[in-house]
Amino acid sequence: MKTAIVGGGAAGLSLALMLGGDVTVYEAEPTVGGLCRSTQRDGFTFDQGPHILGGIPAAVEWIINSTGLKFYTNTTNNRAWLAGKFCAHPFEDERDVELYQAKMWKTPPGDLSLPGLGAQAGRRPGGVPWFRYPRQGGYQAITDAWAAQLGDRLRLGVCVTGAGADRRVVWTGPRMGRYNTLTTVTFGFEGTPPDLTAIYIPGAETPFHRVNFPASFSPNNAPPGCFSVQGEVTGETGTIPLLAEFAELLGDLGIAKGLPIFMDCHVSDFAYPVPLRAQPDVADGPLLWHHGRTGAHRYLNVDGVVAASMELAEQLNA
């Protein structure tokens, strides 16, 4: 039977390479990548939603082998920003954990599902101790490498609405449940970046819940003598106010030493599937499977998505 995979993000592309038979991936946008898309500008590379790879060894190994890319390996060095000073991360006070969850999810922590928050194996407070990241091209290099292998089995700019009698459909797009948007604000600077991977901010003094440093993921993400800083906000899309608030935050953090070389702001819809306790079931049908972070409404990183593709491919190939 033919298989139609709807969505050309990490879930759809990885699954397509694992399935046998007649498989076609349909992507409504003119480019693949989904939430893994990256921007390259003026010698800087940064993701539209920050990613690092680690936590599920079998999935990480498959990603490395299937893409043929060279990856940069590094250890994480995260900090928390509490009451105007840097502190250890993971948070040591449970109240800070709850503040951060409420800020990131825009939901009271008591309404969140613990199994939903722990959907990905290997996820732990503070993030993984080490990670891998493509040396060139940002995280989109991964999905671009997969897309190149599919050839004419990948159709761009095509929408598919459901299953047919002659094919089964794997749906990786938004379907049901609540999703938060993600706005990323990225500034580029001349100078030397701090030796940090990310800063976690639970307080209400800024709308940004996390700040990350793309050149810590790969040194090729910035030109020599430069670095970039990226802030994340869920559920807000006011571009101009966020640019000013991010500049103020970087000043408070002691990161901004001068005017930025560039500023970028990007909004990703359906970025965070909110794992609510009262969550509607994502029901598969006889010829319909929901898959991935967005399609199955599961809080997964890319290696978690690939692990889910491995499980689904085993089932569909049987």
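For clarity, every value in this text was computed on a predicted model and none was experimentally measured.

(A) Spatial organisation of the nonpolar core. Membership of the largest hydrophobic core comes to 39 residues, with the highest contact counts inside it found for Ile5 and Ile63. Mapped by element, the contributors of at least two residues to this core are α1 (10-18), β2 (23-27), α2 (57-67), β8 (130-134), α5 (140-150) and α9 (302-317). Apart from the residues within four sequence positions on either side, Ile63 is in contact with Leu53, Phe71, Ile142, Trp146, Val302, Asp303 and Val306. Listed in part, the 20 residues of the second largest apolar core include Trp81, Leu196, Ile199 and Phe213.

(B) Seen up close, a negative patch on the surface. On the surface, a cluster of negative charge is made up of Glu205, Glu245, Glu248 and Asp252. Residue classification places Glu245 among the partly exposed positions, given a relative accessible area of 31%.

(C) A look at the packing of α1 against α5. Interaxial distance between α1 and α5 falls to 10 Å at its minimum, and their mutual angle equals 45 degrees. Classed by the angle they form, the pair α1 and α5 counts as oblique. The two elements α1 and α5 cross, and the hand of that crossing is left-handed. Here Ala10, Leu13, Ser14, Ala16 and Leu17 of α1 come into contact with α5, specifically with Thr143, Trp146, Ala147, Gln149 and Leu150. A class-by-class count of the residues in the contact of α1 with α5 yields 7 nonpolar, 3 polar and no charged.

(D) Region of interest: the packing of α2 against α5. One can describe the packing of α2 onto α5 by two numbers: an axis separation of 9 Å at closest approach and a directional angle of 55 degrees. As far as their axial angle goes, α5 and α2 are oblique. Our pair here, α2 against α5, has a crossing hand that is left-handed. For the pair α2 and α5, contact is made by Trp62, Ile63, Ser66 and Thr67 and by Ile142, Ala145, Trp146 and Gln149, respectively. Broken down by class, the residue content of the contact of α2 with α5 amounts to 5 nonpolar, 3 polar and no charged.

(E) The arrangement of the environment of Ala16 in detail. Within the secondary structure, Ala16 sits in helix α1. In this view, Ala16 contacts Ile5, Val23, Val25, Leu150 and Arg153; residues no more than four positions away in its chain are not counted.

(F) Spatial organisation of the sheet that holds strand β9 (residues 154-156). Taken together, the 5 strands give an open sheet; going across it, the order is β9-β2-β1-β10-β16, and neighbouring strands pair in parallel fashion. Looking at which strands have only one partner, the edges of the open sheet turn out to be β9 and β16 (288-290). The sheet shows a mean angle of 20 degrees between the axes of neighbouring strands, taken without regard to direction. Here β2 pairs with β9 via 3 bridges, running parallel. Bridging across to β9, Glu27 finds its partner in Leu156. Sitting on the sheet, α1 touches β1 (2-6), β2, β9 and β10 (167-171), and the angle it makes with β2 is about 165 degrees.

(G) Here's a closer look at the state of the cysteines. Counted by the stated rule, this structure contains 0 disulfides. Cys265 forms no disulfide, and the closest cysteine sulfur to it belongs to Cys36, at a distance of 20 Å.

(H) Inspection of unusual backbone geometry at higher detail. The omega torsion of the bond from His89 to Pro90 falls at 15 degrees, within 30 degrees of zero and hence cis. The backbone of Asp42 sits at a positive phi, close to 55 degrees, despite the residue not being glycine. By the secondary structure assignment, Asp42 is in the loop between β3 (38-41) and β4 (44-47). Notably, His297 is not glycine yet its phi reads approximately 55 degrees, a positive angle. Relative to the elements of secondary structure, His297 occurs in the loop between α8 (292-295) and α9.

(I) Just the pattern of salt bridges, in detail. All told, the structure shown has 4 salt bridges when counted by the stated rule. Residues joined in a network through salt bridges with shared partners are Arg41, Asp42 and Asp264.

(J) View of the pairing of strand β14 (residues 226-234). Most of β14 sits inside the fold, with 9 of its 9 residues counted as buried. Along β14, one buried face is formed by Cys226, Ser228, Gln230, Glu232 and Thr234 and the opposite face, lined by Phe227, Val229, Gly231 and Val233, is buried too. In this structure, strand β11 (residues 179-190) lies alongside β14, joined through 9 bridges in antiparallel fashion. Within β14, the residue paired with Val185 across the bridge is Gly231.

So, how was this worked out
- Residues numbered from 1 in each chain as written.
- Predicted model: local features only at pLDDT ≥ 70, side-chain atom pairs only at ≥ 80, totals over all residues.
- Heavy atoms only, no water.
- Core = buried A, V, L, I, M, F, W, Y, C linked by side-chain atoms within 4.5 Å.
- Buried < 20%, exposed > 50% of the residue type's maximum accessible area, 1.4 Å probe, protein only.
- Helix = DSSP H or I, 4+ residues; strand = E, 2+ residues; numbered from the N terminus.
- Contact = heavy atoms within 4.5 Å.
- Patch = residues over 30% accessible without salt bridge, like charges linked within 9 Å, V, L, I, M, F, W, Y side chains within 5 Å.
- Areas by Shrake-Rupley, 256 points an atom, 1.4 Å probe, with all protein chains shown as cover.
- Salt bridge = Lys/Arg side-chain N within 4 Å of Asp/Glu carboxyl O.
- Lys, Arg positive; Asp, Glu negative; His and termini not counted.
- Charge placed at Lys NZ, Arg CZ, Asp CG, Glu CD.
- Axes fitted to C-alpha atoms, helices over the stretch in contact; angles between N-to-C directions.
- Parallel < 35°, antiparallel > 145°, perpendicular 65-115°, else oblique.
- Left-handed = near helix turned anticlockwise from the far one by under 90°.
- Nonpolar A, V, L, I, M, F, W, Y, C, P; charged D, E, K, R; others polar.
- Pairing = 2+ DSSP bridges.
- Disulfide = S-S within 2.5 Å.

By themselves, these are just geometric observations and shouldn't be taken as functional.
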